[in-house]
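What follows is each chain in one-letter form.
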Amino acid sequence: MTPLASLLMERIAAEGPMSLADYMATCLLHPEHGVYTARDPLGSAGDFTTAPEISQMFGELVGLALARAWMDQGQPGFTLAELGPGRGTLMADILRVGRKVPGFVEAAEVVLVEASPLLRTRQEETLAGFDVTWVDHVTDLPQAPLWLVANEFFDALPVRQFERQGDGWCERRVGARDGALTLGRTEPTAVAALAHRLGDTRDGDIVEIAPSLPPIAEAIGQRIADHGGAALIIDYGDWRSLGDTLQALHRHQRVDPLAHPGAADLTTHVDFEAIATAAPCAHSRLTTQGVFLERLGITPRAQQLAAGLQGAALETHVAAHRRLTHPEEMGTLFKVLGLMPHGAPPIAGLET
Ligand code: SAH
């Protein structure tokens, strides 16, 4: 049993079953035993690998799309923000490619939104030489033009799960039985936040709500609407989520989400409609990562980089291109949603 499992059992014994959102939040960000706070879960030796850790091409193309939108909107002074920057690799690649766009890096105030003190230290190391500040919440970002990226951030937001019964919903809750964590459910009640799901679900269907998502999307969209800017939100998920999408990864293997609290990374599929609905600005069509990267020119960039490589390095590079774009890998599962001011030109790669 993990140290966190014992703490969770004690808490359940004292207070009764907890929502899945409380369980997820504790597993991910418990100050001593959380997945993101106790150690670095990223990379081949950790629990999962993300797009910027697969290849520099990802960050370069994201950086160029952001810089292009900045030129389209008159090159203002702006906040360059990232949500959940992990090891800081994506922001480092954005800033490196951003230097090729005259004035872009000079006009940027880089602000990182990061909850884990340990990962803040990693980011500080990766971004040494750049002036960077950190904030705890998206609502702490300056009231200024905002260019923002979030890769695999929204999938880490805690969700509540509800199972439909008649016109009511039973919430799934984490309890304990015979020395193990178990999933139970409440009696059905009406849930106002799910009124819009009565039309597209049936008895027994499960839907998820991330309670912390709307205020985050609203804070981003409000800055973009008021001051200009653009956001690229990249994650796995769909326009509207249906079903139990909670998954746990421990050292790159799928495991039972209740079996290794604090040791296994927990994520869910992102409900992109919830982001678009809460953000008071315009949004792009939801576009697959493969199409987005191809439109931005990943193939010619991959060929250019391949020319300088041989042997194992060349094989790794070719595999990375495939991993980022192929429909059987990250190309279709991962999606990109752009946020921009009403009337602004489309973001590169997200044209309809
Ligand atoms: N974007 C990175 C890392 C993704 S992992 C990459 O692509 O490699 C998720 C990141 O979000 C980690 O940095 C984690 O510490 C951070 N995070 C998770 N929940 C958070 C929250 N509620 N507030 C701020 N940061 C959070």
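To keep things clear, this report deals only with the structure shown in the data block.

Calculation notes
Residues numbered from 1 in each chain as written. Predicted model: local features only at pLDDT ≥ 70, side-chain atom pairs only at ≥ 80, totals over all residues. Heavy atoms only, no water. Helix = DSSP H or I, 4+ residues; strand = E, 2+ residues; numbered from the N terminus. Rg over C-alpha atoms; globule rule 2.2 N^0.38 Å. Buried < 20%, exposed > 50% of the residue type's maximum accessible area, 1.4 Å probe, protein only. Contact = heavy atoms within 4.5 Å. Areas by Shrake-Rupley, 256 points an atom, 1.4 Å probe, with all protein chains shown as cover. Lys, Arg positive; Asp, Glu negative; His and termini not counted. Charge placed at Lys NZ, Arg CZ, Asp CG, Glu CD. Near = heavy atom within 4 Å. Polar contact = N/O pair within 3.5 Å; in protein donor to acceptor, adjacent residues only side chain to side chain. 1 Å grid on protein atoms, 1.4 Å probe; cavity = no way out; pocket = protein on both sides within 12 Å on 5 of 7 lines; lining within 4 Å. Sits in = over half its atoms within 2 Å of the grid points. Nonpolar A, V, L, I, M, F, W, Y, C, P; charged D, E, K, R; others polar. Points joined across faces, edges and corners; volume = space filled by probe spheres on them. Phe/Tyr/Trp six-rings, centres within 6.5 Å; stacked < 30°, edge-to-face > 60°. Salt bridge = Lys/Arg side-chain N within 4 Å of Asp/Glu carboxyl O.

The subject of this paragraph is the overall build of the chain. Of regular secondary structure, the chain possesses 13 helices and 17 strands. A compact globule built from 352 residues should have a C-alpha radius of gyration of about 20 Å, and the chain, at 21 Å, falls within 12% of that. Taken along the three principal axes of its C-alpha coordinates, the chain extends 60 × 45 × 35 Å. Each of the 352 residues in the chain was classed as buried or not, and the buried ones make up 54%. The contacts of the chain with a sequence gap of at least 6 include a subset with a gap of at least 24, amounting to 76%. In the structure as shown, the chain presents an accessible area of about 15200 Å², 52% of it carried by carbon and sulfur atoms. Here the chain holds 27 positive side-chain charges and 44 negative ones, and the gap between their average locations is 4 Å.

So, on to the site of the ligand. Neighbouring residues of the ligand: 16 residues in total, closest Thr50, Gly84, Gly86, Glu114 and Asn151. The separation between an oxygen atom of the ligand and a polar side-chain atom of Thr50 is 2.6 Å. Its free accessible area being 570 Å², the ligand has 93% of it covered by the protein chains. Applying the majority rule of atoms within 2 Å of the grid points places the ligand in the largest pocket. Counted by class, the shell around the ligand contains eight nonpolar, five polar and three charged residues.

Moving on, we come to the environment of Arg172. Inspection of the secondary structure puts Arg172 in strand β7 (residues 168-177). Residues Arg172 and Phe162, spaced 10 residues apart in sequence, show a C-alpha to C-alpha distance of 6.0 Å. Other than its neighbours up to four places away in sequence, Arg172 contacts Ser19, Leu20, Gln161, Glu163, Leu183, Gly184, Arg185, Ile206 and Asp244. Within the local environment of Arg172, its side chain forms a polar contact with the side chain of Gln161, the two groups lying 2.9 Å apart. In terms of polar contacts, Arg172 uses its side chain to reach the side chain of Asp244, at 3.4 Å.

Right, let's talk about the layout of surface pockets for a bit. Of the voids in this model, the largest pocket is the one considered here, and its volume is about 780 Å³. Surrounding the largest pocket, 35 residues form its lining, Leu29, Gly84, Ala115, Phe153 and Leu157 being those nearest its centre. Looking at the lining of the largest pocket, the elements that each hand over two or more residues are α2 (20-29), α4 (51-54), α6 (89-98) and α9 (213-227). Here the lining of the largest pocket gets three residues from one element, more than from any other, and that element is α2. Class assignment for the residues of the lining of the largest pocket results in 19 nonpolar, nine polar and seven charged. Within this model, the second largest pocket holds a volume of roughly 450 Å³. Forming the boundary of the second largest pocket are 18 residues, of which Thr49, Tyr236, Leu249, Leu333 and Phe334 lie nearest the centre. When contributions to the lining of the second largest pocket are tallied by element, the ones reaching two or more residues are β11 (247-250) and β13 (265-267). Its residues assigned to classes, the lining of the second largest pocket comprises seven nonpolar, five polar and six charged.

Bringing the packing of aromatic side chains into the picture now. Counted under the stated rule, the structure contains six aromatic pairs. Consider the rings of Trp70 and Phe78, whose centres lie 6.0 Å apart with planes at 45 degrees: the pair is tilted. Exposure class is identical for Trp70 and Phe78. Each is buried. A ring pair is formed by Phe78 and Phe104, whose centres lie 5.2 Å apart and whose planes are at 35 degrees; its orientation type is tilted. Separated by 26 residues along the polypeptide, Phe78 in strand β2 (residues 78-83) and Phe104 in helix α7 (residues 104-107) bring together distant segments of the chain. For the pair formed by Phe78 and Phe104, the shared burial category is buried. These aromatic residues form a ring-pair network of at least three members: Trp70, Phe78, Phe104 and Trp147.

With that settled, consider the pattern of salt bridges. Counted under the stated rule, the structure contains 22 salt bridges. One salt bridge in this structure joins Arg87 and Glu53, with 3.7 Å as the shortest N-O distance. Taken together, the residues span a long stretch of sequence, with Arg87 in the loop between β2 and α6 and Glu53 in helix α4 at a distance of 34 residues. Owing to a relative accessible area of 18%, Arg87 belongs among the buried residues under this scheme. Taking the relative accessible area as the measure of exposure, Glu53 reaches 25% and is therefore partly exposed. With its nearest N and O atoms 3.2 Å apart, the salt bridge here joins Glu329 to Arg322. Judged by relative accessible area, which is 31%, Glu329 ranks as partly exposed. Residue classification places Arg322 among the partly exposed positions, given a relative accessible area of 38%. In this structure, a network of salt bridges that share partners links the residues Asp40, Glu53, Arg87 and Arg122.

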